[in-house]
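Structure assessment
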Amino acid sequence: MSLIRKVLELEKGVDPGQLPFTEKDIRNFVQSESSTNIESDALELLKMCKNLKDKDDDFQYDFTVDACQRLEHIIWAFGDSIRAYEIFGDVVVFYTTYRLNRYEMPLGIWIGADNHGNSIFFGCVLLRNEKASSFSWALKLYEWKASTNYANNSSFMANVYSPRS
């Protein structure tokens, strides 16, 4: 925040410490702008998913909201990814990042390999936190979404993840 303050002082041509606001004011402003963008980004993501679903009936997505009606978790899989899962879903890896995005939300992806050893993207999820209940929601929901068109896959994630209480 002190760097932002120094840049503003230089830009306005004022002596150090002579701005009409404090570092705390700057921090509060940055925080409020950041959360506004996150909420509008969440709305844009939901609109994008709805548009994709309108264009492709096989596109699957679902989400949850918290008590304040903010996006909590969102999961999606493209129709092509679901069809690829039907063919190459024998071995599936669920990989997560550790809050590397600007929203500090864990990103999880389901990937597999085709018969030539090429990676295939099966689906994606953004989770609000790293609690076992969040991962359990994602894994159970992906199993249901991916197996909607694939009746022989009743044990998709059964041995992949066992949440700890």
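Bear in mind that the values here come from a model prediction, so they are computed numbers and not experimental data.

1. Comments concerning the sheet that holds strand 5 (residues 119-126)
If you trace the five strands from one edge of the open sheet to the other, you get 1-2-5-4-3, paired in antiparallel fashion. Strand pairing shows two members of the sheet lacking a second neighbour, strand 1 (60-65) and strand 3 (93-96), which therefore form its edges. Strand-to-strand twist across the sheet, computed as the mean angle between neighbouring axes with direction ignored, equals 20 degrees. Pairing between strand 3 and strand 4 (residues 107-113): four bridges, direction antiparallel.

2. Quick word on the side chain of D114
Tracing the chain through its elements places D114 in the loop between strand 4 and strand 5. One buried charged residue, D114, remains without a salt bridge, the closest side chain of opposite sign being R83 at 15 Å. From its side chain, D114 meets the backbone nitrogen of N118 in a polar contact 2.9 Å long. Ignoring any residue separated from it by four or fewer positions in sequence, one finds D114 in contact with F88 and I120.

3. With respect to the confidence of the model for the protein chain
Confidence in the prediction of the protein chain, expressed as mean pLDDT, is 78, and 77% of residues score 70 or more. Of the regions scoring below 50 in pLDDT, residues 149-165 engages in 27 contacts with residues more than four places distant in sequence or in other chains.

4. Let's talk about the packing of aromatic side chains
Here the distance between the centres and the angle between the planes together describe a pair of aromatic rings. Following the criterion strictly, the structure yields six aromatic pairs and no others. The interplanar angle of 80 degrees and the centroid separation of 5.5 Å between the aromatic rings of Y85 and F122 together place this pair among those described as edge-to-face. Placement of the pair is Y85 in helix 3 (residues 79-88) and F122 in strand 5, with a sequence separation of 37 residues. Owing to a relative accessible area of 0%, F122 belongs among the buried residues under this scheme. Taken together, a centroid distance of 4.6 Å and an interplanar angle of 35 degrees make the contact between F94 and W110 tilted. Separated by 16 residues along the polypeptide, F94 in strand 3 and W110 in strand 4 bring together distant segments of the chain. Accessibility expressed as a relative area gives 18% for F94, which makes it buried.

Rules behind the numbers
Residues numbered from 1 in each chain as written. Predicted model: local features only at pLDDT ≥ 70, side-chain atom pairs only at ≥ 80, totals over all residues. Heavy atoms only, no water. Pairing = 2+ DSSP bridges. Helix = DSSP H or I, 4+ residues; strand = E, 2+ residues; numbered from the N terminus. Axes fitted to C-alpha atoms, helices over the stretch in contact; angles between N-to-C directions. Buried < 20%, exposed > 50% of the residue type's maximum accessible area, 1.4 Å probe, protein only. Lys, Arg positive; Asp, Glu negative; His and termini not counted. Salt bridge = Lys/Arg side-chain N within 4 Å of Asp/Glu carboxyl O. Polar contact = N/O pair within 3.5 Å; in protein donor to acceptor, adjacent residues only side chain to side chain. Contact = heavy atoms within 4.5 Å. pLDDT = per-residue confidence, 0-100. Phe/Tyr/Trp six-rings, centres within 6.5 Å; stacked < 30°, edge-to-face > 60°.

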